[in-house]
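So the chains spell out like this:
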Amino acid sequence: MQKNPLILIVDDLPQNIELLEAYLAPQGYEILTASSGAEALEKLASHQVDLILLDVMMPEMDGFEVARRVRQNETMRLLPIILVTALHETEDRVRGIEAGCDDFISKPVEKSELVARVRSLLKVKAYNDLLSNYQKELESEVAKKTKEIKRALKKLKEASLETIHRLSLAAEYKDEETGAHIVRMSHYCAAIARQMGLDEHTVETILYAAAMHDIGKIGTLDKVLLKPAKLDASEWEIMKQHAHIGAEILKDSDAEFIKMGEIIARSHHEKFDGSGYPDGLKGTQIPIAGRIAAVADVFDALISKRPYKEAFSVEKSLSIIKEGRGGHFDPEVVDAFFAIQEEILAIKKQYSD
Ligand SMILES: [Fe+2]
């Protein structure tokens, strides 16, 4: 049930308060009283007041000052204030308006005028309350929906990432490598990218996209992929096609991860000196993600056992990367790689086969 409006009457003279109360209480309003400005502010802090009838001439804190302080409080910005005044001067009305009062009533107070003004301002107050509640409800509804959408997007993203991971695994399944290679290689890439100053969003995109670097191996013949010896020239040509096949599988996507995956799949075997494949790109013609993936992929291949080789020691693997600085690899990527050598080795340890 809607409660009756609560009116605060502020006056230093008890007989004035009694008079106003006698006029208003029979109208069904709840009445709260204060005999000074300080008491009025106290009562306002502890009650949900709907309207203030405020005497101007009070000792210590006058009505103007009370009104000013009320208006400083954001929650009472729209609380109706009627100034009860013996003053007729325009100047005082201006002061009242400046202090934030909504209306004036002159002493001696005439009952019907008082009731009419109070009723009209309470109507405005009720309308403002309705609007403000409606706005609050809207805001909380929007916040709720935003949360739901975020949750749904997160789920969707997780699902796509899982799909990417499983597809990449499918390609690696044919290989002797385990899924751990994909995970290690992706994390090396992300760590190097971060060290090189790429923004966090790109770092994350690279992290997931790098998992797809060898997805083209799904189209490589098993006898080539699994040959336990060095490949001959024609087998090598077949092996090299995986970069192109991977890019073909991933091309024309609108999804950022897949786009980045296409770039990495195509360019992770390019070499800084231009002697790589499939496009023979040189230096910074090679996309940065491809230059990063080259170091990460080769390092992980070196420290891992492959059909055609045993696992190399960390020391030997690191020195081979160093030798490739400026030739096989972008020197800046190699420098970033060595700057975070500890982190690289921690990733290797964390995701070991
Ligand atoms: Fe590859």
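Predicted, not measured: the structure shown is a model, and the values here were computed from it. (Residues numbered from 1 in each chain as written. Predicted model: local features only at pLDDT ≥ 70, side-chain atom pairs only at ≥ 80, totals over all residues.)

(A) Region of interest: the overall build of the protein. Looking only at helices and strands, the protein has 14 helices and five strands in total. Since a compact globule built from 353 residues should have a radius of gyration of about 20 Å, the 39 Å found for the protein marks it as more spread out than a globular shape. Counting only C-alpha atoms, the protein reaches 110 × 40 × 35 Å along its principal axes. Per-residue burial over the protein gives 33% buried out of 353 residues. Within the protein, counting contacts between residues at least 6 apart in sequence, those at least 24 apart form 63% of the total. (Helix = DSSP H or I, 4+ residues; strand = E, 2+ residues; numbered from the N terminus. Rg over C-alpha atoms; globule rule 2.2 N^0.38 Å. Buried ≥ 20, exposed ≤ 12 C-beta atoms within 10 Å, placed from the backbone. Contact = placed C-beta atoms within 7 Å.)

(B) Fine view of the environment of P14. For P14, the position within the fold is in helix α1 (residues 14-24). Here P14 falls in the exposed class, since 10 other C-beta atoms lie within 10 Å of it. C-alpha separation for the pair P14 and S35, spaced 21 residues apart in sequence, amounts to 7.4 Å.

(C) Region of interest: the nonpolar core. Counting residues in hydrophobic clusters, the biggest one holds 42 residues, and the most contacted among them are C189, I192 and V295. Elements supplying a minimum of two residues to this core: α5 (111-173), α6 (179-195), α7 (200-209), α9 (233-250), α10 (256-267), α11 (288-303), α13 (331-339) and α14 (341-350). The leading source of residues in this core is α6, at nine residues. Ignoring sequence-local partners within four residues, the contact set of V295 consists of I192, I321, F329, V333, V334 and F337. Among the nonpolar cores identified, the runner-up in size contains 28 residues, and A34, I52, V66 and L79 belong to it. (Core = buried A, V, L, I, M, F, W, Y, C linked by C-beta atoms within 7 Å.)

(D) Just the packing of helix α3 (residues 63-72) against helix α4 (residues 90-99), in detail. Following both chains from N to C, one finds α3 and α4 inclined at 20°, their axes separated by 8 Å at the closest point. Our classification of the angle between α3 and α4 gives roughly parallel. Within the contact between the two elements, α3 uses F64, A67 and R68 and α4 uses R95, G96 and A99. Considered class by class, the residues forming the contact of α3 with α4 number three nonpolar, one polar and two charged. (Axes fitted to C-alpha atoms, helices over the stretch in contact; angles between N-to-C directions. Parallel < 35°, antiparallel > 145°, perpendicular 65-115°, else oblique. Nonpolar A, V, L, I, M, F, W, Y, C, P; charged D, E, K, R; others polar.)

(E) View of the pairing of strand β2 (residues 30-34). Here five bridges tie strand β1 (residues 6-10) to β2, and the two strands are oriented parallel to one another. In the sheet register, L6 faces β2, and the bridge partner there is E30. With α1 bridging β1 and its parallel neighbour β2, the resulting β-α-β unit is right-handed. (Pairing = 2+ DSSP bridges. Right-handed = clockwise from strand over helix to strand, strands pointing away.)

(F) Structural detail: the pairing of β1. Within β1, four of the five residues are buried, which leaves the element mostly enclosed by the surrounding structure. Pairing of β1 with strand β3 (residues 51-55), which is carried by four bridges, proceeds in the parallel orientation. Bridging across to β3, I7 finds its partner in L51.

(G) Examining the sheet that holds strand β5 (residues 103-106) more closely. Spatial ordering of the open sheet is given by β2-β1-β3-β4-β5, a layout of five strands whose pairing is parallel. At either end of the open sheet lies a strand with only one pairing partner, and these are β2 and β5. Averaged over neighbouring strand pairs, the angle between their axes works out to 20° when direction is ignored.

(H) Geometry of the packing of α7 against α10. Interaxial distance between α7 and α10 falls to 8 Å at its minimum, and their mutual angle equals 65°. Looking at the two axes, α7 sits roughly perpendicular to α10. Where α7 crosses over α10, the handedness of that crossing is right-handed. Residue-level contacts link T205, I206, Y208 and A209 of α7 to E256, F257, M260, G261 and I264 of α10. Split by residue class, the contact of α7 with α10 holds six nonpolar, two polar and one charged. (Left-handed = near helix turned anticlockwise from the far one by under 90°.)

(I) Fine view of unusual backbone geometry. Cis geometry is adopted by the peptide bond preceding P108, which originates at K107 and carries an omega value of -5°. With respect to the helices and strands, the residue P108 is situated in the loop between β5 and α5. Despite not being glycine, E60 has its phi angle at roughly 65°, a positive value. Examined against the element boundaries, E60 turns out to sit in the loop between β3 and α3. The exposure class of E60 is exposed, given the 9 C-beta atoms found within 10 Å.

(J) Region of the structure containing the domain arrangement of the protein. Domain boundaries assigned for the protein yield domain 1 (6-140) and domain 2 (174-350). The distance between the C-alpha centroids of domain 1 and domain 2 comes to 75 Å. (Domains from an automatic or database assignment.)

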